[in-house]
Structure formats: C-alpha cells, structure tokens
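Residue-level structure breakdown
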Amino acid sequence: MRAEMATMDPSHVQLMSVESPPNPAVTALTSAVSSEVRLLEDLIGIMRRQRSAVAADDLQGVDDSVFSTHRVLVTLGEARRQRRAVSLMVGGTEDLALRKLDDLLGDEMTDSLRRACDGLRDAATTLSREVGMNRQVLRAALSEGSEYMHALCGTSEQSGSYAPRTNSETDTRGGLLINRTA
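For clarity, every value in this text was computed on a predicted model and none was experimentally measured. (Residues numbered from 1 in each chain as written. Predicted model: local features only at pLDDT ≥ 70, side-chain atom pairs only at ≥ 80, totals over all residues. Heavy atoms only, no water.)

1. Things to note about the overall build of the protein
Helices and strands together make up the secondary structure of the protein, namely five helices and two strands. In the protein, which comprises 182 residues, the share counted as buried stands at 28%. Counting every atom, the protein has about 12,900 Å² of accessible surface; 54% of that belongs to carbon and sulfur. (Helix = DSSP H or I, 4+ residues; strand = E, 2+ residues; numbered from the N terminus. Buried < 20%, exposed > 50% of the residue type's maximum accessible area, 1.4 Å probe, protein only. Areas by Shrake-Rupley, 256 points an atom, 1.4 Å probe, with all protein chains shown as cover.)

Have a look at this one:
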C-alpha cells in the first residue's frame, strides 16, 4: 500500500511516496506463486531435455527426465497446496482465481505479486506447449520403434507381437500349449 506524505521544505512543499509494509498474507501468496513459477520453469527445462534425449536415442536421458518430471510434479503438488492455504487466508477461498487478485486486494496488490501471477500464466502456457510437442515426439518415436521391431522380427503390425512366427502359428488345428513344469 502506498501513501503520499508531504514534507516541508523551506522553499516548497514536496510530495514523497512512502511504501507501507505489505500484508504478510500477500507476501506469503507472492512466495507461493513464485515457487510454482520456478517449478513450472523446471518442468519446461525437463521437457526440452527429454525431447533432446529422444532425438539422440539416449534412453538413460529419457529415463532421467521421467524421474525428474515425477519429482517436480510431487513438489508442485505441495506448492499448490500451500498456495491454496494462503489463498484461503487472503480471499476466503482455496480456489482464488489469480486474475481476480487485483480486484480483491485493491491497494494491497503488490507489483511483485502481479509479476508472479503473470509469470505463472506464462509458464503454464509454455509448459502446455512443451508437453504437446513431447507427446508428438514420443508418439513418433514409439511408432518408429514399433515399425523397426516388426520389420526386424518379420511380423505384421496387426499381430501385436514382436516374436518371430513359428510353424505352430500357421497350424490350423488349434489347441492350447500348456507348460506343465510351471
């Protein structure tokens, strides 16, 4: 919240802007939203590394990205729970829409909270785009791998199996193979 204060100078009156300390709940909300922004930015980086790993046929890199994604998503869930708790203090509801904060907080809305909310929206939009690209890349890679395995094993894609065909598969008598030693 800002207040203007007049100071007396012998030659003229000067107005100074004085910042009052921010509401602790607004500070906590700013911190919670900023944490979510950092986590979404981490996820964006992971999505980009995952695409690079797929392009380089780096299975360990893909595996690492899956583990990293899981770790960040768990942390993001905790950050969202924290934001909901603070939102309850600030606005009386856990599902406080960030775009309505200006109206709700009025003069208590800080520039840092406004920047954090804008950053969260931007990061969420970017992450959504990155996830969409990864889905396409991974589907294409899986399709290529499947086609390669079918060509390598001599099976049709409709058989659903990578095992080479044997004479028993062409046997029309039917029957059931039972492993009695199992």
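Resuming the write-up.
2. Describing a negative patch on the surface
Together, Asp-57, Asp-58, Asp-63, Asp-64 and Glu-144 make up a negatively charged patch on the protein surface. For Asp-64, the position within the fold is in helix H2 (residues 59-91). You can call Asp-64 partly exposed: its relative accessible area is 39%. (Patch = residues over 30% accessible without salt bridge, like charges linked within 9 Å, V, L, I, M, F, W, Y side chains within 5 Å. Salt bridge = Lys/Arg side-chain N within 4 Å of Asp/Glu carboxyl O. Lys, Arg positive; Asp, Glu negative; His and termini not counted. Charge placed at Lys NZ, Arg CZ, Asp CG, Glu CD.)

3. Focus: the packing of helix H1 (residues 24-55) against H2
Relative orientation of the contacting elements H1 and H2 amounts to 165 degrees, with a least axis distance of 9 Å. On the basis of their axis angle, the class for H1 and H2 is roughly antiparallel. Of the two possible hands of crossing, H1 and H2 adopt the one that is left-handed. Classifying every residue of the contact of H1 with H2 by side-chain character gives 22 nonpolar, eight polar and four charged. (Axes fitted to C-alpha atoms, helices over the stretch in contact; angles between N-to-C directions. Parallel < 35°, antiparallel > 145°, perpendicular 65-115°, else oblique. Left-handed = near helix turned anticlockwise from the far one by under 90°. Nonpolar A, V, L, I, M, F, W, Y, C, P; charged D, E, K, R; others polar.)

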